[in-house]
Amino acid sequence: MSGKGERPFFSLKGKSDDTTVHPNVSQGCQGGCATCSDYNGCLSCKPRLFFVLERIGMKQIGVCLSSCPSGYYGTRYPDINKCAKCKADCDTCFTRNFCTKCKSGFYLYSGKCLEKCPDGLEANNHTMECSSIVHCEASEWSPWSPCTKKGKTCGFKRGNEVRVREIVQHPSAKGNPCPATSESRKCIVQRKRCQKEGKGKKNREEKRKKSNKDESKETRQESKGRAARRQNREQRENNNKTQPKKRKAPNKEQDLAPVDTAH
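Quick caveat, the model's predicted, so the values are computed rather than measured.

Draft legend 1. The overall build of the chain, seen in detail. Of regular secondary structure, the chain possesses 2 helices and 16 strands. Residue burial in the chain is summarised as follows: out of 263 residues, 20% are buried. Sequence-distant contacts, at least 24 apart, represent 33% of the contacts inside the chain between residues at least 6 apart. When the accessible surface of the chain is summed, it comes to about 21400 Å², and 49% of that surface belongs to carbon and sulfur atoms.

Here's what the structure looks like:
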C-alpha cells in the first residue's frame, strides 16, 4: 500500500496488486509499454522487450527496449524481461559476472576487469585487454653477397660482403626485441683491374666515327675517280667523232719503181 504523498507502487512483473492499482495506470501506452502511468512511465512491457529503469534527475522512469543499453545485461523470465546493471568497472557485460568491455583504466581478462594484468600477460592499451606476450621472429639469413669495396667489385683485394634477413613477427611491448637484420664480414678476392666504362665507351665511339669518316672519304674519292675516268672516256670518244680521218701516207718504197739500166 502506498502512503499519502508517496508515488504509486508498481510491480516489475507488470502485475499490479488490485489493492495498489493507481487510477493513472493505462493500458493504451506508447513505445512498447504494455501498461504505464503518467508518473512512472512504463510499468510492464510488450512480449520480447526488456524493461529498464532510467534515471532522470531524482526520478526513475520505466522504459521498454529491444535490447539493453550499455552498462546493462538482459535476463529473460517467463513473466518479464528486464535489464540489470553490470559491475561498476564493467562497460558492457554478458552477465553480471562476465564482462565484455571494461571502463577506462581497466583491462579485460577472462570476463573480468583488472587494473593490472596477471604475470605472463601484458596490457594492450589499444584493445584494453590482457594479451599474451609476443616475441620477435626473424627469417633465415640470405646468402653472402659478392665481395665489394665502396660499391665496386674490382680494383681491390680486401673488401666486405653482407647478408640480410627479414622480420616476420614484430614483438609486443614486453616481447623480446628483434635482432639485427644485416651482417658484414671482410673478404679477400683476386685483384682485377676495373675497366673505365666511360672512357672505353668514348674511345669506341670515336673509333667508330673515325672509321665511318675514313670509309666515307674513300667512297667519295673512289666516286670522284670513276666520274673523272668516265668523263675522260666520253671526251675522247667525242673527239674521235668530230676529227676527220687522216689519209694514210703512201709507202715511199712502193712509189719508187725500179730503173732499168739495160740498153
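Draft legend 2. Examining the pattern of salt bridges more closely. Overall, the coordinates contain 2 salt bridges when judged by the stated rule. With its nearest N and O atoms 2.5 Å apart, the salt bridge here joins Glu161 to Arg185. Of this pair, Glu161 sits in strand S14 (residues 158-164) while Arg185 sits in strand S16 (residues 182-188), and the two are 24 residues apart along the sequence. Of the residues examined, Arg185 reaches a relative accessible area of 40% and is grouped as partly exposed.

Draft legend 3. Spatial organisation of the confidence of the model for the chain. Scored by pLDDT, the chain comes out at a mean of 79, with 75% of its residues at no less than 70. Here residues 1-23 scores under 50 on pLDDT; set against residues more than four positions off or in separate chains, the count is 24 contacts. Note on residues 252-257: pLDDT is under 50 here. Beyond four places in sequence and across chains, it has 1 contact.

Draft legend 4. Examining unusual backbone geometry more closely. If you check the backbone angles, Arg48 has positive phi at about 75 degrees while not being a glycine. Take Arg48: it is sitting in the loop between strand S2 (41-45) and strand S3 (50-56). Looking at Arg48, the relative accessible area reads 61%, which means it is exposed.

Draft legend 5. The state of the cysteines, seen in detail. Per the stated rule, a full pass over the model turns up 11 disulfides. Two residues, Cys86 and Cys93, share a disulfide whose sulfurs are 1.9 Å apart. Here the disulfide of Cys86 and Cys93 is left-handed, its torsion about the S-S bond being about -80 degrees. Here Cys86 falls in the buried class, since its relative accessible area comes to 7%. Residue Cys136 pairs covalently with Cys178 via a disulfide, S to S 2.0 Å.

Draft legend 6. Representation of the packing of aromatic side chains in the model. Scanning the model with the defined rule gives 0 aromatic pairs in all. Lying over the aromatic face of Tyr39, Lys59 brings its terminal NZ or CZ to 4.4 Å of the ring centre. Over the aromatic face of Trp144 sits the side chain of Arg185, whose NZ or CZ is 4.0 Å from the ring centroid.

Draft legend 7. Structural context of the side chain of Ser37. Relative to the helices and strands, Ser37 is located in strand S1 (residues 33-37). From its side chain, Ser37 meets the backbone nitrogen of Asn40 in a polar contact 2.9 Å long.

Draft legend 8. Summary view of the environment of His170. Along the polypeptide, His170 turns up in the loop between strand S15 (167-169) and S16. Remark: the alpha-carbon pair of His170 and Val134, spanning 36 residues in sequence, is separated by 7.8 Å.

Draft legend 9. Looking closely at the side chain of Ser172. Residue placement: Ser172 occurs in the loop between S15 and S16. At a separation of 2.8 Å, a polar atom in the side chain of Ser172 contacts the main-chain amide nitrogen of Val134. Ignoring sequence-local partners within four residues, the contact set of Ser172 consists of Glu122, Ser132, Ile133 and Val134.

Draft legend 10. How the structure looks around a positive patch on the surface. On the surface, Lys149, Lys150, Lys152, Lys157, Arg158, Lys186 and Arg191 cluster together into a positively charged patch. Within the secondary structure, Arg158 is located in strand S14. For Arg158, a relative accessible area of 57% corresponds to the exposed category.

Draft legend 11. Summary view of the environment of Cys33. Position of Cys33 relative to the elements: it lies in strand S1. Residue classification places Cys33 among the buried residues on the basis of a relative accessible area of 5%. Separated by 31 residues in the primary sequence, Cys33 and Cys64 place their C-alpha atoms 6.1 Å from one another. In this structure Cys33 touches Cys42, Ser44, Cys45, Lys46 and Cys64, once residues within four positions along its chain are discounted.

Draft legend 12. Focus on the pairing of strand S12 (residues 129-132). Pairing between strand S11 (residues 121-124) and S12: 4 bridges, direction antiparallel. Across the sheet, Leu121 pairs through a bridge with Ser132, a residue of S12. Hairpin connection between S11 and S12: a loop of 4 residues separates the two successive antiparallel strands, and Met128 in this loop has a positive phi of roughly 55 degrees.

Definitions and limits used
- Residues numbered from 1 in each chain as written.
- Predicted model: local features only at pLDDT ≥ 70, side-chain atom pairs only at ≥ 80, totals over all residues.
- Heavy atoms only, no water.
- Helix = DSSP H or I, 4+ residues; strand = E, 2+ residues; numbered from the N terminus.
- Buried < 20%, exposed > 50% of the residue type's maximum accessible area, 1.4 Å probe, protein only.
- Contact = heavy atoms within 4.5 Å.
- Areas by Shrake-Rupley, 256 points an atom, 1.4 Å probe, with all protein chains shown as cover.
- Salt bridge = Lys/Arg side-chain N within 4 Å of Asp/Glu carboxyl O.
- pLDDT = per-residue confidence, 0-100.
- Disulfide = S-S within 2.5 Å.
- Phe/Tyr/Trp six-rings, centres within 6.5 Å; stacked < 30°, edge-to-face > 60°.
- Lys NZ or Arg CZ within 6 Å of the ring centre and 35° of its normal.
- Polar contact = N/O pair within 3.5 Å; in protein donor to acceptor, adjacent residues only side chain to side chain.
- Patch = residues over 30% accessible without salt bridge, like charges linked within 9 Å, V, L, I, M, F, W, Y side chains within 5 Å.
- Lys, Arg positive; Asp, Glu negative; His and termini not counted.
- Charge placed at Lys NZ, Arg CZ, Asp CG, Glu CD.
- Pairing = 2+ DSSP bridges.

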